[in-house]
Amino acid sequence: MISVRGVSKSYNDGLTWAVKDVSFDVTAGEVLALVGESGCGKTSTLKMINRLVELTSGAIAVGDRDIMSIPPVVLRRSIGYVIQEIGLFPHLTVEENIGVVPELLGWSVNRTKERVDELLNLVGLDAREYRKRRPEELSGGQQQRVGLARALAGGPKTMLMDEPFGALDPITRAGVVEEFRKIQHDLSLTVIFVTHDMAEALILADRIAVMKDGSIMAIDTPSELLSNPGDPYAEELLSMPQRQAKIITEIAKSGGEPL
Amino acid sequence: MKLLPDYLGHHLLLTLIALITGILVCVPLGLLVTRVKALQWPTLAVASVLQTIPGIALLALMVPLLGKIGLIPALLALIIYSFLPILRNTVTGVLNVDSSVVEAARGLGMSDRQILYKIELPLALPVLIAGIRTATVWVVGTATLATPVGATSLGNFVFSGLQTQNVAAIIVGCVAAALLAIVLDQLVRLIEIATSGRNGILGAAAIISLLLLIGAGLSPMIINASGSKVPAQTIVVGSKPFTEQYILAQTISDRLRESGFKTDIRSGMGSMVLFEAMENGEIDCYVDYTGTIWSNVMKRKDVPSRKEVLQQMTAWLRQKHDILCLGPLGFENTYGLAVREEDARAYRLTAIADLTPRAPELLIGSDYEFFLRPEWESLRDSYHLDFKKKITMDPVLMYRAISQGEVDVISAYSTDGRIAAYGLVVLEDPRQALPPYDAVLLLSSHVANHPELTEALGVLIAGIDDDSMRQANKLVDLDGVSVDSAAAFLRNGFEPGNF
């Protein structure tokens, strides 16, 4: 579905490289997490796929078509895009926010309206109640649900998500993540998402790519990476949730006494 | 007060054309510089610098730059004045749009143009409108300064009110300008509320009231234009910025109206601006003084007799500038140096030469023009005058300044009723450093051949003597009589039936 071949990115004419010779494939319906520290190149890699960042060398294909052969706006309308800041348009209602891509695709008013209702219900918001609201009237979790609905509006088979749940509080986050998993499964979406939360990557992803200094250090399924990381950095990063869980368990056992 | 609709209409016209042009230029320019970052700093810097030029200076600058007076230079200055707030707020408004919102728009597949029109502009609108509102208030205020460059505005009330000590006129001008600023500001605000809340009815109401306002503002001009009878030509009468000139302009205008002409008075212009305006045909008729033309325009330094000056000037104007001097009005208004009576007695001052030894201790006050005119040079050099300090002030304030001892010598006008009223003595000029200043009626070339007009104005020639003019000036300056009434008083002098 998505094929990334030897892709590199330099923002300063080759002086330094944000992404160096990265290659991976994502099959249809698969979820890939890009993990790593800030500045490791994971967001640049993600944005090169919908050409928000233009690649310096290498090739990317989405659904068997070279992305460079498609005008950027056409490419982006066919790929869902969700960001941590959500970026809902504050001057538009929920309905109009979700209707942006259908409008860009030239859908009829009625078709767009039906689609908006369908998507609001899909993300767990009552269409009648929320359709006419403004983003400022929504909670953080509701805003991200609308952001998700907006990304799905054009019926994309592929989603790119940059820290999609990063701004939500833990309880809300757990709910939204759960719903997203269900939607992803039901629509068999192909998803690439960026996160620095290892637990989220382990729970959501079919495969995880660990990035450091612009390169992929390891790429495999969560269970394989946990049992056989093959790279010291990947091992350290991925064992983080388990180590934290262990510490938490010990705190509980100690009966509240400091360790 | 009867002039209010006319002045308000002109003021509104000036303001709205300037603002609309400002918006049409600065909003696109502002959007451009948010795309081309390299242009941002220089563009805003130029706009800021233009803004630091005082309004009156910017207006004054437009006259020599364009070589014209009236609506065009006033409009250009006001347009420039509206630039900074609109430009700065457009840029700020767009740059303040949350970058994540723009990124989301781009990520969803909006083109640059769609992002601009559907996202950035609507979100920048409140800040942009705030800029337009600031510009509105500034432009309405600055437009009152358009009077001295020959554009009619509410400033006509203020400037002529200041010269003729008519406080009521000043207040009318100020209040009308303030009300206009408030009304326009609120209308723009209404349009903003309507667009942001997408309230069609409110928006329509605001736009309709704006259009009504424009219509109401223009109606006096439209009625004037459509309802005019033969002769359709409007005679533009000019005046310099002092009482005598206001009265004479009114007298000329009254006389022409009685003969069926339409007239328009452009008051409060400087001597050279007025002369050039006449040469360009923007002013048809005004009163100047032989000595002013002799020294300032002809650049003559010799001083022959009154009669010779008049004859040579008349011939010269006809040949070189195609301006007709219809003839002398009958009085002379010379520049003279005046001192307080008690000083004249104490220091035995009778002629200007008596001032020479004392000058280094004395302060001299004068109007806006005198120290820059060749007559001052001639006076200074003939009598070796070296005053401690030269102070420029409005003619209205000179007399009070000398009587209160703030200055010791002033350049007085000999027809000014205030010389006697304030107990001043005009010093003699035996060396004839100053030329004679006979008041003469000048006509531009395209009305000069109009027999009805020259006939109508003919009665003014030799119709006003020194004493009548001095009395008319005194009526306005000291007795608080209106310019209209003073003009009527003058007219009695040359209309035999009224005696």
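Residues numbered from 1 in each chain as written. Chains lettered and ligands numbered in written order. Predicted model: local features only at pLDDT ≥ 70, side-chain atom pairs only at ≥ 80, totals over all residues.

Some points on the overall build of chain A
Stated formally: Counting from the N terminus, the helices are the DSSP runs of H or I reaching at least four residues and the strands are the DSSP runs of E reaching at least two. Atoms counted for the radius of gyration: C-alpha only. Globule rule: 2.2 Å times the number of residues to the power 0.38. Each residue is represented by a C-beta atom placed from its backbone, and any two residues with such atoms within 7 Å are regarded as in contact.
Secondary structure summary: chain A contains 12 helices and 10 strands in total. Scaling as 2.2 N^0.38, a compact globule of 259 residues should have a C-alpha radius of gyration of about 18 Å, and chain A matches this with 20 Å. Each principal axis of the C-alpha distribution contributes one length, and for chain A these read about 60 × 55 × 30 Å. Considering only residue pairs separated by 6 or more positions, chain A has 67% of its internal contacts joining residues 24 or more positions apart.

Section: the domain arrangement of chain B
All names here are of chain B. Inclusion rule: Where each domain starts and ends comes from a domain assignment, either automatic or drawn from a database. Residue type decides the class: Asp, Glu, Lys and Arg count as charged, Ala, Val, Leu, Ile, Met, Phe, Trp, Tyr, Cys and Pro as nonpolar, and the leftover types, Gly among them, as polar.
When its domains are assigned, chain B resolves into domain 1 (4-226), domain 2 (234-332 + 441-498) and domain 3 (335-426). The gap between the C-alpha centroids of domain 2 and domain 3 is 26 Å. Counting residues at the interface gives 18 residues for domain 2 and 12 residues for domain 3. Within the residue set of the side of domain 2 that touches domain 3, elements represented by two or more residues are helix H12 (290-297), strand E4 (324-332) and helix H20 (466-477). With seven residues, the top contributor of residues to the side of domain 2 that touches domain 3 is H20. Looking at the side of domain 2 that touches domain 3 residue by residue, the class counts come to four nonpolar, seven polar and seven charged.

Details of the domain arrangement of chain A
Residue and element names in this part refer to chain A. Domain annotation for chain A reports domain 1 (1-78 + 157-168 + 188-253) and domain 2 (88-156). On a C-alpha basis, the centres of domain 1 and domain 2 stand 27 Å from each other. Between domain 1 and domain 2, the contact holds eight residues from the first and nine residues from the second. Taken together, the residues that form the side of domain 1 that touches domain 2 break down as four nonpolar, two polar and two charged.

Overview of the interface of chain A and chain B
Contact with chain A, which involves 15 residues of that partner, is made by 13 residues of chain B. Classifying every residue of the side of chain A that touches chain B by side-chain character gives nine nonpolar, three polar and three charged.

Thoughts on the nonpolar core
The test is simple: Remark: nonpolar core denotes a set of buried Ala, Val, Leu, Ile, Met, Phe, Trp, Tyr and Cys residues whose joining runs through C-beta atoms within 7 Å. Partly exposed residues are those whose C-beta has more than 12 but fewer than 20 other C-beta atoms within 10 Å; with 20 or more the residue is buried, with 12 or fewer it is exposed, and the C-beta atoms are placed from the backbone.
Counting residues in hydrophobic clusters, the biggest one holds 207 residues, and the most contacted among them are Ile192 and Val210 of chain A. The dominant element in this core, judged by the number of residues it contributes, is helix H4 (residues 71-95) of chain B, at 12 residues. Among residues more than four places away in sequence, those in contact with isoleucine 192 of chain A are Ile2, Val26, Leu32, Leu34, Leu46, Ile49 and Leu160 of chain A.

What to know about the sheet that holds strand E5 (residues 65-66) of chain A
Residue and element names in this part refer to chain A. Note the following rule: Following DSSP output, two strands are said to pair if at least two bridges run between them. Axis definition: a line fitted to C-alpha atoms, limited for helices to the stretch in contact. Angles are taken between N-to-C directions and run from 0 to 180 degrees.
Ordered by their spatial adjacency, four strands build an open sheet running E2-E1-E4-E5, and the pairing between neighbours is antiparallel. Of all the strands in the sheet, the pair left with one neighbour each is strand E2 (19-26) and E5. Here five bridges tie strand E1 (residues 2-9) to strand E4 (residues 57-62), and the two strands are oriented antiparallel to one another. When the bridges of E4 are listed, serine 8 appears paired with serine 57. Here helix H1 (residues 42-49) sits on the sheet in contact with E1, E2 and E4, set at roughly 125 degrees to E1.

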